[in-house]
Amino acid sequence: QVSLVESGGGLVQPGGSLRLSCAASGIIVSRNAMAWYRQAPGKQRALVASLSTDRTLYYSESVRGRFTIARDNAKNTVDLQMNSLVPEDTAVYYCRVSGTPNWGQGTQVTVST
């Protein structure tokens, strides 16, 4: 059974940073393509960043240069470092085993004054 549990969300001021972590069970993250998505109220769930097994990286244009996706193999996690946050980053953030129905439960990120 695959389990993904996101953590690290919260309230942060514009310009601040957060680090999200997706703790995986039932899979080894280094053997899987992983991704972070986000869904804002009234919006479709959108891909934010992905990391393939050959280390190919993808970032959406809105986060490129501000966010970094990385595996932490020692912890079996997939992390999303988010810097220079703006209110438009407010959303529930989900991790996913790419191409599968395996999603985490989501963690709320709110960027606001």
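Residues numbered from 1 in each chain as written. Predicted model: local features only at pLDDT ≥ 70, side-chain atom pairs only at ≥ 80, totals over all residues. Heavy atoms only, no water.

## Focus on the pattern of salt bridges
For the structure on display, the rule yields 4 salt bridges. We note a salt bridge from R38 to D89, for which the minimum N-O separation is 2.8 Å. A residue pair is termed long-range when its members are at least 10 positions apart, and R38 in strand 4 (residues 34-39) and D89 in the loop between strand 8 (77-82) and strand 9 (91-97) qualify at 51 residues. By relative accessible area, R38 is classed as buried at 13%. Judged by its relative accessible area of 1%, D89 falls in the buried class. Its salt-bridge partner being R64, residue E61 comes within 2.7 Å of it at the nearest N-O pair. Residue class for E61 comes out exposed when judged on its relative accessible area of 63%. R64 sits in the partly exposed class, given a relative accessible area of 41%. Each of R38, R66 and D89 takes part in a single network of salt bridges with overlapping partners. (Salt bridge = Lys/Arg side-chain N within 4 Å of Asp/Glu carboxyl O. Helix = DSSP H or I, 4+ residues; strand = E, 2+ residues; numbered from the N terminus. Buried < 20%, exposed > 50% of the residue type's maximum accessible area, 1.4 Å probe, protein only.)

## A few points about the side chain of S52
Following the sequence through the fold, S52 ends up in the loop between strand 5 (46-51) and strand 6 (57-59). Of the polar contacts made by the side chain of S52, one reaches the backbone nitrogen of T56; its length is 3.0 Å. In contact with S52, other than residues within four places in its own chain, are A33 and R71. (Polar contact = N/O pair within 3.5 Å; in protein donor to acceptor, adjacent residues only side chain to side chain. Contact = heavy atoms within 4.5 Å.)

## Structural notes on the sheet that holds strand 4
Across the sheet, which stays open at both edges, the 6 strands sit in the order 2-10-9-4-5-6 with mixed pairing between neighbours. The sheet is open, and its two edges are formed by strand 2 (10-12) and strand 6, each paired on a single side. On average, adjacent strands in this sheet sit at an angle of 25° to one another, irrespective of strand direction. Across 5 bridges, the pairing between strand 4 and strand 5 is antiparallel. Directly across from M34, in strand 5, lies its bridge partner L51. (Pairing = 2+ DSSP bridges. Axes fitted to C-alpha atoms, helices over the stretch in contact; angles between N-to-C directions.)

## Thoughts on unusual backbone geometry
In this model, R55 sits at a positive phi of 75°, which is unusual for a non-glycine residue. Here R55 is to be found in the loop between strand 5 and strand 6. Judged by its relative accessible area of 67%, R55 falls in the exposed class. Even without being glycine, S84 reaches a positive phi, approximately 50°. Mapped onto the fold, S84 is located in the loop between strand 8 and strand 9.

## A look at the pairing of strand 7 (residues 67-72)
Burial of the side chains of strand 7 is restricted to one face: F67, I69 and R71 are buried, whereas none of T68, A70 and D72 on the reverse face is. Bridge analysis of strand 7 against strand 8 gives 6 bridges, and the strand direction is antiparallel. By the bridge assignment, I69 is partnered in strand 8 with L80. Taken together, strand 7 and the strand that follows it, strand 8, pair antiparallel across an intervening segment of 4 residues, in which N76 is found at a positive phi of about 55°.

Just distances and angles here, no functional claims.
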